[in-house]
Amino acid sequence: MTYGKLTNYDTTSMHGSNRAVARPPDPRENRLKAHFRKARREIARSNKWAYVFIAPLLIDFIVFTVYMIGRVLAMSFQDVNYGTSTWVGLKHYDFILHDAQFWNAMQNTLVYTLATVPLGILLALALSELIYRRSTRIQVFYKSAYYLPSVVSTVVLSIVWMWIYQPFNGILNYFGELLGAAPVNWLGNPSYALGAIIVMSVLGGVGVSVVFITAAMGGIPHTLYDAARIDGAGEWVRFWRVTVPLLRPTLLYLSVVGFIGNFQVFEQIYVMTQGGPGYPGATETVGYLIYSAAFTSMNLGRAAAESVVLFLAILIFSVLQFRMFASETEF
Amino acid sequence: MTTYPSKQFGTRLKPSNLLTLFAYAIITLWALLALFPIYWMIKNSLEPNQLLSVWPPRILPRWDALTLHNYQALWERFPIPRWFFNSMMVGVARTISAVFFGSLAGYAFAKLRFYGRETIFWILMAVLMIPSFILIIPQYQIIRSFGWYDTFWALLIPNFTGGVWAMFLMRQFMHALPSELIESARIDGAGEFTIFWRVIAPLAKPGMAVLAIFQFIGNWNNFIWPLVVTSSKEMRTLPVGLSLLTSPKDTGQVVPVGEIMAGAAFAAIPMIIIFLFFQRYFLRGITVGAVKG
């Protein structure tokens, strides 16, 4: 009896072990029937408790993710007012397509992401290479220092950076003065505002990438470096020909996750500039535009349509990155 | 004398001391840059406001002038303890929930056999890449229609299981646990939940610690969701409350910089303490699942 229970539990894989005991297919039965029979047998052998264990996750996932994806799609074709919604077809998409403010926000988001992610990864790569040769204790010290800003809320960092960027009392302009530069209204000047936010985001985010990259560097076999050395490769060549290619999966991960995250940039903008300065706003991003469409203009339908477009943009960039990195994986 | 090839070549190519010094200069400079905003926040929060408007600004604190006055003044202006309580409540409740349900589901996916396991798992993983921001609008609408707007339900219920990420992290961790223990517990007649609770959960504690730390920090720092689903002063969490300090049109008063910095420092310091205590979990745990996929 206890033995029978044991089959409920899987030592290898789901399908591997029971293939051997499967009945030979009966030609009189059609494929579908055979499939159902197999499924019934699998269900009978399943550990029923597993379904109980995954039920909370599935309920949460279906209600707050799957259903919400359907909802945001549906809302994007509707005019939503409190309690009532009417179908309006492609009205919101048509509006977005011709909305200069939206395209400005999309451009800002692209500039922000295309600057923040590659810059962050390159800096993290350089810093990782520099700290990786040090002793473990020194490595941990620097990794911790770089990582620390990431555990602090973006709102907190934004508030502090606002004070650093202050045109009159800000410490940055003081350092500028020491170097002989004229004071700059960093967040109030349309030419500098987005750059100022990019600098803050890069500085705060590099630590996470450094931890990832140094962890991956630890997995590179040392013999490869020895071989390269014997072949007469210098440090520079070893870094670009051995380290970087072997870090490719990690870099791809950081790049894809970085794009997804930074495309949704919102908190910095909300706290520091509220999309401004100027019109259309020099730092207005799609995330901020969605927020203001929904909660300032109370136009949930348009906000939903903008969300869908943002999602498509993220999707396109994710696919592009996978293809770019995949096509080069020939070593 | 024994010389290994690698050693022989290695010593010959030893970088000059000058280069090492240069490397140290760069990594130290970057560390100073990364830590400066946090230092500047704490320093400014402890100095009287009159000192903050003096030009040129002083980089080092004036030790004789340090005071907690900014914290005191901010407490009188805003319900900071209440915001702290809300943040704590959300952080603790959601962390416990995510660790429990995440481990339970992770255990099922790692160690139990059931029909549809691979299919369900890959469906979950496929949706992991969906940007959470795009779900804010429909989630907000559903919360309103439930009548949960501006209540704890809105802050606590959506994604209470910590999402697919929590399950995935625990699954990766539980793969490594020995299956023989489950087997022998089952022969001893233990129920399935008992096996999870008495056998697996104690062994999975290091994994749970990693998950708990990241969940707590994430929930504590979460901004957009509490911003959208709360409106009354009493229901704000610390980050949302803080963001209001800088906009006089929302609060009807101009808050002095020192007090704003005090608020920021108050929200940041618990996270910094947690980080310093659990450093090794951060530096190791972050890569679980990502690198090994």
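What you see is a predicted model; the values in this text were computed from it and never measured. (Residues numbered from 1 in each chain as written. Chains lettered and ligands numbered in written order. Predicted model: local features only at pLDDT ≥ 70, side-chain atom pairs only at ≥ 80, totals over all residues. Heavy atoms only, no water.)

K.L.:
Help me out: how do you make sense of the overall build of chain A in this one?
P.N.:
Scanning chain A from terminus to terminus reveals 15 helices and 2 strands. Counting the 331 residues in chain A, one finds 50% classified as buried. Across chain A, every contact between residues at least 6 apart in sequence was considered, and the portion connecting residues at least 24 apart equals 68%. On chain A, roughly 16500 Å² of surface is accessible, and the fraction owed to carbon and sulfur atoms is 66%. (Helix = DSSP H or I, 4+ residues; strand = E, 2+ residues; numbered from the N terminus. Buried < 20%, exposed > 50% of the residue type's maximum accessible area, 1.4 Å probe, protein only. Contact = heavy atoms within 4.5 Å. Areas by Shrake-Rupley, 256 points an atom, 1.4 Å probe, with all protein chains shown as cover.)

K.L.:
Looking at this structure, I do not really get the overall build of chain B. What am I missing?
P.N.:
Helix and strand content of chain B: 17 helices and 0 strands. For 293 residues, the compact-globule estimate of 2.2 N^0.38 gives 19 Å, and chain B exceeds it by more than 25% at 25 Å. Taking all 293 residues of chain B together, the buried fraction comes to 50%. Entry remark: accessible area of chain B is about 13700 Å², with carbon and sulfur atoms responsible for 67%. (Rg over C-alpha atoms; globule rule 2.2 N^0.38 Å.)

K.L.:
Would you mind going over the packing of aromatic side chains with me for this structure?
P.N.:
Any two aromatic rings considered together are summarised by their centre-to-centre distance and by the angle between their planes. Under the defined criterion, the tally for this structure stands at 56 aromatic pairs over all chains. Ring geometry for A:Phe53 versus B:Tyr107: centroids 6.1 Å apart, planes at 40°, classification tilted. Placement of the pair is A:Phe53 in helix α3 (residues 48–75) and B:Tyr107 in helix α5 (residues 80–111), with the two residues belonging to separate chains. A:Phe53 gets classed as buried once you look at its relative accessible area, which sits at 2%. Ring pairs connect the aromatic residues A:Trp49, A:Phe53, B:Phe100, B:Phe101, B:Tyr107, B:Phe160, B:Phe193, B:Phe196 and B:Trp197, which therefore count as one cluster. Stacked on the ring of B:Tyr149, the Lys or Arg B:Arg144 has its end atom at 4.1 Å from the ring centre. Between B:Arg171 and the ring centre of B:Phe121, over which it is positioned, the NZ or CZ distance is 3.9 Å. (Phe/Tyr/Trp six-rings, centres within 6.5 Å; stacked < 30°, edge-to-face > 60°. Lys NZ or Arg CZ within 6 Å of the ring centre and 35° of its normal.)

K.L.:
Could you clarify how one ought to interpret empty space enclosed by the protein in this entry?
P.N.:
Any empty space left between the atoms is revealed when a probe the size of a water molecule rolls over them. According to the stated counting rule, one finds 1 cavity of 30 Å³ or more in the structure shown. Each pocket or cavity is described by its volume, and for the largest cavity that value is around 30 Å³. Along its surface, the largest cavity is lined by A:Pro149, A:Leu157, A:Trp161, A:Met200, A:Leu203, A:Gly204, B:Ala34 and B:Pro37. Of the residues that constitute the lining of the largest cavity, the class distribution is 7 nonpolar, 1 polar and no charged. (1 Å grid on protein atoms, 1.4 Å probe; cavity = no way out; pocket = protein on both sides within 12 Å on 5 of 7 lines; lining within 4 Å. Points joined across faces, edges and corners; volume = space filled by probe spheres on them. Nonpolar A, V, L, I, M, F, W, Y, C, P; charged D, E, K, R; others polar.)

K.L.:
What's the story with the pairing of strand β1 (residues 78–81) of chain A in this structure? I'm lost.
P.N.:
Consecutive side chains along a regular strand alternate between the two faces of the sheet. All names here are of chain A. Residues Gln78 and Val80 point to one face of β1 and are all buried, whereas Asp79 and Asn81, pointing to the other face, are not buried. Of the strand pairs in this sheet, β1 and strand β2 (residues 84–87) are connected by 4 bridges, and their pairing is antiparallel. The partner of Gln78 across the bridge, within β2, is Trp87. (Pairing = 2+ DSSP bridges.)

K.L.:
Honestly, the interface of chain A and chain B in this entry has me stumped. Any pointers?
P.N.:
How big an interface is tends to be expressed through the accessible area that disappears when the partners come together. Taken residue by residue, the interface counts 104 residues in chain A and 105 residues in chain B. For the pairing of chain A and chain B, the buried interface totals around 9900 Å² over both sides, and the portion due to carbon and sulfur atoms is 77%. Remark: the boundary between chain A and chain B carries 0 salt bridges. Inspection of the region where chain A meets chain B yields 15 residue pairs in polar contact (both at pLDDT 80 or more). Per element, the largest residue contribution to the side of chain A that touches chain B is 18 residues, and it comes from α3(A). In the side of chain A that touches chain B, the residues fall into 71 nonpolar, 19 polar and 14 charged. (Buried area = accessible area lost by both parts, 1.4 Å probe. Salt bridge = Lys/Arg side-chain N within 4 Å of Asp/Glu carboxyl O. Polar contact = N/O pair within 3.5 Å; in protein donor to acceptor, adjacent residues only side chain to side chain.)

K.L.:
Whenever I open this one, the confidence of the model for chain A confuses me. Can you help?
P.N.:
In regions of low pLDDT, the predicted coordinates are not meant to be interpreted in detail. Of all residues in chain A, 89% attain a pLDDT of 70 or more, and the chain-wide mean is 86. Within the model, the stretch residues 1–19 of chain A combines pLDDT values under 50 with 32 contacts to residues more than four positions away or in other chains. (pLDDT = per-residue confidence, 0-100.)

K.L.:
Sorry, what's going on with the pattern of salt bridges here?
P.N.:
Opposite charge on two side chains makes pairing possible when the charged atoms of those side chains draw close. According to the stated counting rule, one finds 9 salt bridges over all chains in the structure shown. Among the salt bridges present, the one from B:Glu192 reaches B:Arg186, with a minimum N-O distance of 2.8 Å. In this structure B:Glu192 comes out as buried when scored by relative accessible area, which is 9%. Judged by relative accessible area, B:Arg186 falls into the buried class, the value being 4%. Linked by salt bridges that have partners in common, A:Glu129, A:Arg133 and A:Glu235 make up one network.

K.L.:
How do you make sense of unusual backbone geometry when you look at a structure like this?
P.N.:
With the exception of glycine, most residues fall at negative phi, and the peptide bonds are largely trans. The residue after A:Tyr279, namely A:Pro280, is reached through a cis peptide bond having omega -10°. Notably, A:Gln274 is not glycine yet its phi reads approximately 50°, a positive angle. Examined against the element boundaries, A:Gln274 turns out to sit in the loop between α13 (267–272) and α14 (286–295). Notably, B:Asp150 is not glycine yet its phi reads approximately 65°, a positive angle. Assignment of secondary structure puts B:Asp150 in the loop between α7 (136–146) and α8 (152–156).

K.L.:
How should the environment of A:Ala39 be read in this particular structure?
P.N.:
With respect to the element layout, A:Ala39 can be found in helix α2 (residues 31–45). Along the backbone, A:Ala39 and A:Leu289 are 250 residues apart, and their C-alpha atoms lie at a distance of 48 Å.

K.L.:
Is there a simple way to explain the packing of helix α7 (residues 154–164) of chain A against helix α2 (residues 17–45) of chain B in this structure?
P.N.:
A packed helix pair is summarised by two numbers, namely the angle formed by the two axes and the spacing between the axes. It is at 10 Å that the axes of α7(A) and α2(B) come closest, and there the two elements cross at 80°. Classed by the angle they form, the pair α7(A) and α2(B) counts as roughly perpendicular. In this structure, α7(A) contributes A:Val156, A:Val160, A:Trp161, A:Trp163 and A:Ile164 to the contact, and α2(B) contributes B:Phe36, B:Pro37, B:Trp40, B:Met41 and B:Asn44. When its residues are assigned to classes, the contact of α7(A) with α2(B) shows 9 nonpolar, 1 polar and no charged. (Axes fitted to C-alpha atoms, helices over the stretch in contact; angles between N-to-C directions. Parallel < 35°, antiparallel > 145°, perpendicular 65-115°, else oblique.)

K.L.:
Please clarify how helix α9 (residues 193–217) of chain A should be interpreted in this entry.
P.N.:
The α-helix advances 3.6 residues per turn, and as a result positions three or four apart in sequence lie on the same side. Residue and element names in this part refer to chain A. Spanning 25 residues, α9 covers 36 Å between terminal C-alpha atoms, matching the ideal 36 Å at 1.5 Å per step. Gly205 marks where α9 bends most, by close to 35°. In terms of burial, α9 is a largely internal element, 20 of the 25 residues being buried. (Expected span 1.5 Å × (residues − 1). Bend = angle between axes of the 7 residues up to and from the residue.)

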